Amino acid sequence: MKKKLEIRELSTDEVRDRISSEKTNYNKMKLNHKISPVEKTSHIRDTRRLIASLITELKQRETKALNS
């Protein structure tokens, strides 16, 4: 729940920046995991879910802006 509140407090530009940085981080984690397995694979899943939450928030803001 705390992450959702943090995401909603970000500005739209900050959300876009965060999406790009998290995608970069996610790709690095996947590559590192293929080379040598990571102990906690849940970090990869959590990052993927965070990216999805950020994208969802961005889409909601865009839809809200169009409807207003």
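Residues numbered from 1 in each chain as written. Predicted model: local features only at pLDDT ≥ 70, side-chain atom pairs only at ≥ 80, totals over all residues. Heavy atoms only, no water.

Draft legend 1. Structural view of the overall build of the protein chain. Helices and strands together make up the secondary structure of the protein chain, namely 3 helices and 0 strands. When the elements of the protein chain are put in sequence order from the N terminus, they spell out α-α-α. In summary, the protein chain has a C-alpha radius of gyration of 14 Å against a globular reference of 11 Å for 68 residues, an excess of more than 25%. Judged by the C-alpha coordinates and their principal axes, the protein chain covers about 50 × 20 × 15 Å. Within the protein chain, buried positions represent 21% of all 68 residues. (Helix = DSSP H or I, 4+ residues; strand = E, 2+ residues; numbered from the N terminus. Rg over C-alpha atoms; globule rule 2.2 N^0.38 Å. Buried < 20%, exposed > 50% of the residue type's maximum accessible area, 1.4 Å probe, protein only.)

Draft legend 2. Examining the confidence of the model for the protein chain more closely. The pLDDT averaged across the protein chain works out to 91; a share of 97% of its residues lies at or above 70. For the protein chain, the element scoring lowest by mean pLDDT is helix 1 (residues 2–9), at 80; helix 2 (residues 12–35) scores highest, at 95. (pLDDT = per-residue confidence, 0-100.)

Draft legend 3. Layout of a positive patch on the surface. A grouping of Lys 30, Lys 34, Arg 45, Arg 48 and Arg 49 is seen on the molecular surface, where their side chains present a positively charged patch. Contributions of two or more residues to the positive patch are made by helix 2 and helix 3 (42–67). The dominant element in the positive patch, judged by the number of residues it contributes, is helix 3, at 3 residues. Inspection of the secondary structure puts Arg 45 in helix 3. (Patch = residues over 30% accessible without salt bridge, like charges linked within 9 Å, V, L, I, M, F, W, Y side chains within 5 Å. Areas by Shrake-Rupley, 256 points an atom, 1.4 Å probe, with all protein chains shown as cover. Salt bridge = Lys/Arg side-chain N within 4 Å of Asp/Glu carboxyl O. Lys, Arg positive; Asp, Glu negative; His and termini not counted. Charge placed at Lys NZ, Arg CZ, Asp CG, Glu CD.)

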